[in-house]
Amino acid sequence: MITRADGARRAELAENLAGLRAQIAAACLAAGRDPAEVTLIAVTKTFPASDVALLADLGVTDIGENRDAEAAGKAAECAALGLSLRWHFIGQLQVNKAASVVSYAYMVHSVDRFRLITALGRRATAVGREVRCLVQLNLAGDLAPAAADAASGAGQGGRGGAPAAEAAGLADAIAAEPGLLLRGVMTVAPLGEDPVPAFSRLREASAQLRARHPQATVISAGMSADLAQAISQGATHVRIGTALLGGRRAFVR
Ligand SMILES: *Cc1c(COP(=O)(O)O)cnc(C)c1O
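Residues numbered from 1 in each chain as written. Predicted model: local features only at pLDDT ≥ 70, side-chain atom pairs only at ≥ 80, totals over all residues. Heavy atoms only, no water.

(A) Highlighting the pairing of strand S3 (residues 86–89). Both strand S2 (residues 62–65) and S3 contribute to a ladder of four bridges, which runs parallel. Bridge pairing in S3 places glycine 64 opposite histidine 88. Considered for its hand, the β-α-β crossover made up of S2, helix H3 (residues 68–80) and S3 is right-handed. Pairing of S3 with strand S4 (residues 105–111) involves three bridges; the strand directions are parallel. Note that in S4 the partner of histidine 88 across the bridge is methionine 107. As for the winding sense of the linkage, the β-α-β connection from S3 through helix H4 (residues 98–104) to S4 is right-handed. (Pairing = 2+ DSSP bridges. Helix = DSSP H or I, 4+ residues; strand = E, 2+ residues; numbered from the N terminus. Right-handed = clockwise from strand over helix to strand, strands pointing away.)

(B) Local environment of the confidence of the model for the protein chain. On average, residues of the protein chain score 92 in pLDDT, and 90% of them reach the 70 mark or higher. A low-confidence stretch, residues 151–157 (pLDDT under 50), is modelled with eight contacts involving residues beyond four sequence positions or located in other chains. (pLDDT = per-residue confidence, 0-100. Contact = heavy atoms within 4.5 Å.)

(C) Structural context of the nonpolar core. Counting residues in hydrophobic clusters, the biggest one holds 65 residues, and the most contacted among them are Ile24, Val108, Leu120, Leu137 and Val238. Counting residues per element, this core draws most heavily on helix H1 (residues 4–31), at six residues. Sequence-distant contacts of leucine 137, defined by excluding residues within four places in its chain, comprise Gly161, Ala162, Pro163, Ala164, Ala167, Val185, Met186, Thr187, Leu202 and Ala205. Ranked by size, the runner-up nonpolar core spans five residues in total, among them Met107, Leu134, Met186 and Val218. (Core = buried A, V, L, I, M, F, W, Y, C linked by side-chain atoms within 4.5 Å. Buried < 20%, exposed > 50% of the residue type's maximum accessible area, 1.4 Å probe, protein only.)

(D) Focus on the pattern of salt bridges. The tally for this structure, following the rule as stated, stands at nine salt bridges. As a salt-bridge pair, arginine 9 and aspartate 51 come within 2.8 Å of each other at their nearest N and O atoms. Placement of the pair is arginine 9 in helix H1 and aspartate 51 in helix H2 (residues 49–57), with a sequence separation of 42 residues. When sorted by exposure, arginine 9 lands in the same class as aspartate 51, which is buried. Measuring nitrogen to oxygen at the nearest pair gives 3.0 Å for the salt bridge that ties aspartate 112 to arginine 113. The partly exposed category is assigned to arginine 113, whose relative accessible area is 32%. By sharing partners, the salt bridges in this structure join Arg9, Glu12 and Asp51 into a single network. (Salt bridge = Lys/Arg side-chain N within 4 Å of Asp/Glu carboxyl O.)

(E) Examining the site of the ligand more closely. Inspection of the region around the ligand gives Val43, Lys45, Ile90, Val188, Met223, Ser224, Arg239, Ile240, Gly241, Thr242 and Arg248 as its neighbouring residues. Side-chain polar atom of serine 224 to an oxygen atom of the ligand: 2.5 Å apart, as the coordinates give it. Between the ligand and threonine 242 there is a distance of 2.6 Å, counted from an oxygen atom to a side-chain nitrogen or oxygen. When the ligand is considered free in solution it has 390 Å² of accessible area, and contact with the protein chains removes 91% of it. (Near = heavy atom within 4 Å. Polar contact = N/O pair within 3.5 Å; in protein donor to acceptor, adjacent residues only side chain to side chain. Areas by Shrake-Rupley, 256 points an atom, 1.4 Å probe, with all protein chains shown as cover.)

(F) Molecular detail of helix H8 (residues 195–212). With 18 residues, H8 extends 26 Å from end C-alpha to end C-alpha; this agrees with the ideal 26 Å at 1.5 Å per step. For H8, every residue scored as buried is listed here: Pro195, Ala198, Phe199, Leu202, Ala205, Ser206 and Leu209. Projected down its long axis, H8 shows its buried positions confined to an angular sector of 115 degrees, all on one face. Residues of H8 that are exposed and point over 90 degrees away from its buried face: Gln208 and Ala211. In the core, the buried residues of H8 are packed alongside strand S5 (131–137), helix H7 (167–176), strand S6 (180–187), strand S7 (218–220) and helix H9 (227–232). Capping the start of H8 is the job of one residue whose side-chain oxygen sits 3.0 Å from the backbone nitrogen of valine 196: aspartate 194. (Expected span 1.5 Å × (residues − 1). Arc of directions from axis to C-beta.)

(G) Structural view of the packing of aromatic side chains. Using the criterion set out here, one finds zero aromatic pairs in the structure. Over the aromatic face of tyrosine 106 sits the side chain of arginine 86, whose NZ or CZ is 5.4 Å from the ring centroid. (Phe/Tyr/Trp six-rings, centres within 6.5 Å; stacked < 30°, edge-to-face > 60°. Lys NZ or Arg CZ within 6 Å of the ring centre and 35° of its normal.)

Laid out in structure tokens, this is it:
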């Protein structure tokens with residue numbers, strides 16, 4: 001049953017989605033790229049499963065979430081509705097959430113330490129799934145990672161991400177781990193800095209990684225505020241929340 005509220009929300013999401021697709025197309029044109037190379041991940045954190053269902057109806061196939069409890073609930077609700085979606089886990093992940101995350105995640109973007117790799121691999125193998133993984137890198141300019149986290153205002157362990165020097169080791173470990181598939185790299189641009197240098201470093205890290213692991217073609221970069229810059233630096237996956245769904249309550253990252 002479609003209520004009037006659903007109809008209004010659907011129209012709002014449709015308009016935002018059309019605007020976003022146009023923005024992606026313009027950024028691709030400026031960068032000399034084909035829009036088909038860029039996958040839109042709708043980041044639905046803090047928004048209800050009904051929004052995910054509307055987005056799915058509008059043709060969105062990839063959904064991003066950053067908290068396990070919220071993601072697990074929404075993935076289950078959407079599965080019960082018969083929706084077939086790819087769930088991307090994009091938030092900081094604790095080892096004790098690995099079992100839950102591998103039960104619904106198509107791709108985990110936030111793999112930044114060895115303990116997480118073994119935990120995800122063991123749990124994925126246990127349930128007979130293969131989970132795609134990205135190495136999350138922290139590529140803030142001159143700041144040390146701890147300072148960068150403080151500067152980003154991320155708090156509580158920060159936005160995560162390994163230093164670029166650890167990328168090869170983490171990638172090799174993912175590639176060697178049964179149950180996991182190495183697919184590429186991810187970053188969150190440092191807040192309050194020009195995002196282009198960080199995205200450019202991510203592109204370099206991706207090129208180095210692909211020399212060893214040709215299948216690791218994913219570059220996950222770009223949010224609502226820096227989507228064009230990310231596309232200019234080769235992003236293959238953009239993670240968009242606010243520009244598609246509207247503002248979130250301020251305390252939720
Ligand atoms: C929330 C979030 C996004 C989306 O951010 P918007 O600015 O709302 O587009 C992208 N990536 C990560 C890791 C996030 O946590």
